Amino acid sequence: MNKRDILLDVNGLNIQIHTNHGQVSTVRDVSFQIMAGKVLGIVGESGCGKSLTCLAILQLLQKHAIMQGSIRLQGRELTGMTSKQMRNLRGKDMCLIMQNPMNAFNPVLSIEKQFVETIRTHTAMSKIQAKNVALECLKEMNLPDPEKVLERYPFELSGGMLQRVMIALSIAMRPALLIADEPTTALDNVNRRTVVEAFRKIKKEGETAILLVSHDLEVINELADEVAVMKQGEIVEIAPATQLFTNPKHEYTKLLLDARMVAESRIG
Ligand SMILES: Nc1ncnc2c1ncn2[C@@H]1O[C@H](COP(=O)(O)OP(=O)(O)OP(=O)(O)O)[C@@H](O)[C@H]1O
């Protein structure tokens, strides 16, 4: 493995969350790497620490959370960076697609304003150029009448539409790292396919690596080069996707895959 190709290097990540019952250890000694342009899938039971791991990478954990370990993006240590340094990285070098798209948008600004401003903050594009990029990306995400979508405010769009707008915006930024936390959960089958195809396209272009968190093993199977399995705050297995799906080593991975087979046999 060439060290220069390592885009994200997470080493010994520990997260403790402050709760009413005191500090709770939620992520323990998590380490993984993502190579430039590759897709790492993270799977695991609800509450095992997947989202907190994503938030830690973006340095967006709640104020009282305690984080230890090292997170390097393109060789730069992110822990200890100032808020301003992180703001410059987020949106340009790293984008987040989160579970609840409503949280990603400012409710009092139109989609156009938010889309165009985000693009212009990180590029030298004019307003017209940024708007054209926005229209192109919305079209790619199968949003009907993109001009109208740009005029809307977040609350005027359905959750599924807003999710696709958020994905369109992340794609427009062509970040080095896209962190997608359950990007397809809120979507129907047709739109889920649109998102998978959009990710597949990004992957083919090879400029953007994706950290893909999903309960949907089909989506992980289709897109991931490597898969990490988390259980109770720890990574219990990490392996190339083909190996993990055909020859899982850990008992918990076997359980997850068995559960999928039971579901499939019920459907088909
Ligand atoms: N703000 C918070 N306050 C208290 N506990 C929290 C907070 N955020 C997360 N946790 C706890 O940390 C643990 C990990 O949560 P996390 O959201 O990372 O799980 P997850 O694997 O992403 O789950 P899901 O698949 O359901 O989204 C859980 O036990 C959760 O209850």
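Structure: above.
Residues numbered from 1 in each chain as written. Predicted model: local features only at pLDDT ≥ 70, side-chain atom pairs only at ≥ 80, totals over all residues.

Student: I keep staring at the nonpolar core and nothing clicks. Help me out?
Tutor: The nonpolar side chains of soluble globular proteins are, as a tendency, buried together. If you look at the biggest cluster of nonpolar residues, it comprises 76 residues, and the most contacted ones within it are Val165, Leu177 and Leu211. The contacts of leucine 211, once residues within four sequence positions are left out, are Ile34, Leu40, Ile42, Cys54, Leu177, Ile179 and Ala180. (Core = buried A, V, L, I, M, F, W, Y, C linked by C-beta atoms within 7 Å. Buried ≥ 20, exposed ≤ 12 C-beta atoms within 10 Å, placed from the backbone. Contact = placed C-beta atoms within 7 Å.)

Student: Whenever I open this one, the sheet that holds strand 2 (residues 22-35) confuses me. Can you help?
Tutor: Hydrogen bonds between backbone atoms are what pair the strands of a sheet, whose relative direction is either parallel or antiparallel. On the basis of which strands lie adjacent, the open sheet formed by four strands has the order 2-1-4-5 and antiparallel pairing. Edge positions in the sheet fall to strand 2 and strand 5 (76-77), since each of these pairs with one other strand and no more. Along the sheet, helix 1 (residues 50-57) contacts strand 1 (6-19), strand 2 and strand 4 (66-73); its crossing angle with strand 1, the most-contacted strand, is approximately 115°. (Pairing = 2+ DSSP bridges. Helix = DSSP H or I, 4+ residues; strand = E, 2+ residues; numbered from the N terminus. Axes fitted to C-alpha atoms, helices over the stretch in contact; angles between N-to-C directions.)

Student: Looking at this structure, how should I read the packing of helix 3 (residues 111-122) against helix 6 (residues 159-173)?
Tutor: Two quantities define a packed helix pair, namely the angle between the helix axes and the distance between the axes. Across the interface, helix 3 lies against helix 6 with an axial gap of 10 Å and an inter-helix angle of 20°. Between helix 3 and helix 6, the angle is such that the two are roughly parallel. As for the relative orientation of helix 3 and helix 6, their crossing is right-handed in sense. Residues Ile111, Phe115, Thr118, Ile119 and His122 of helix 3 lie in contact with helix 6, whose contacting residues are Val165, Leu169, Ala172 and Met173. Of the residues belonging to the contact of helix 3 with helix 6, the class tally is seven nonpolar, two polar and no charged. (Parallel < 35°, antiparallel > 145°, perpendicular 65-115°, else oblique. Left-handed = near helix turned anticlockwise from the far one by under 90°. Nonpolar A, V, L, I, M, F, W, Y, C, P; charged D, E, K, R; others polar.)

Student: Is there a simple way to think about the sheet that holds strand 3 (residues 39-44) in this case?
Tutor: Taken together, six strands build an open sheet; the order of strands is 6-7-8-3-9-10 and the sheet is mixed. Each edge of the sheet is formed by a strand with only one pairing partner; in this case those strands are strand 6 (94-97) and strand 10 (234-240). Going across the sheet, the axis of each strand differs from the next one's by a mean of 15°, ignoring polarity. In this structure, strand 6 lies alongside strand 7 (residues 177-181), joined through four bridges in parallel fashion. Residue pairing in the sheet places leucine 96 in a bridge with isoleucine 179 of strand 7. In the packing of helix 6 onto the sheet, the strands contacted are strand 6 and strand 7, and the crossing angle to strand 6 comes to about 170°.

Student: Looking at this model, I keep getting lost on the site of the ligand. Mind explaining?
Tutor: The environment of the ligand is made up of Ile17, Thr19, Thr26, Gly44, Ser46, Gly47, Cys48, Gly49, Lys50, Ser51, Leu52 and Gln62. Counting only elements with at least two residues in the shell around the ligand, the list comes to strand 1 and helix 1. The element best represented in the shell around the ligand is helix 1, accounting for three residues. When the residues that make up the shell around the ligand are grouped by side-chain class, the tally is three nonpolar, eight polar and one charged. (Near = placed C-beta within 6 Å.)

Student: Would you mind going over the pairing of strand 4 with me for this structure?
Tutor: Along a regular strand, successive side chains alternate from one face of the sheet to the other. Inspection of the sheet shows strand 1 paired to strand 4 by seven bridges, in the antiparallel sense. Following the sheet pairing, glutamine 16 is matched in strand 4 by isoleucine 66. Here strand 4 runs beside strand 5; their pairing, made up of two bridges, is antiparallel. Counted as the bridge partner of arginine 72 is glutamate 77 from strand 5. Taking the residues between adjacent antiparallel strands as the criterion, strand 4 and strand 5 are bridged by two residues, where glutamine 74 takes a positive phi near 50°.

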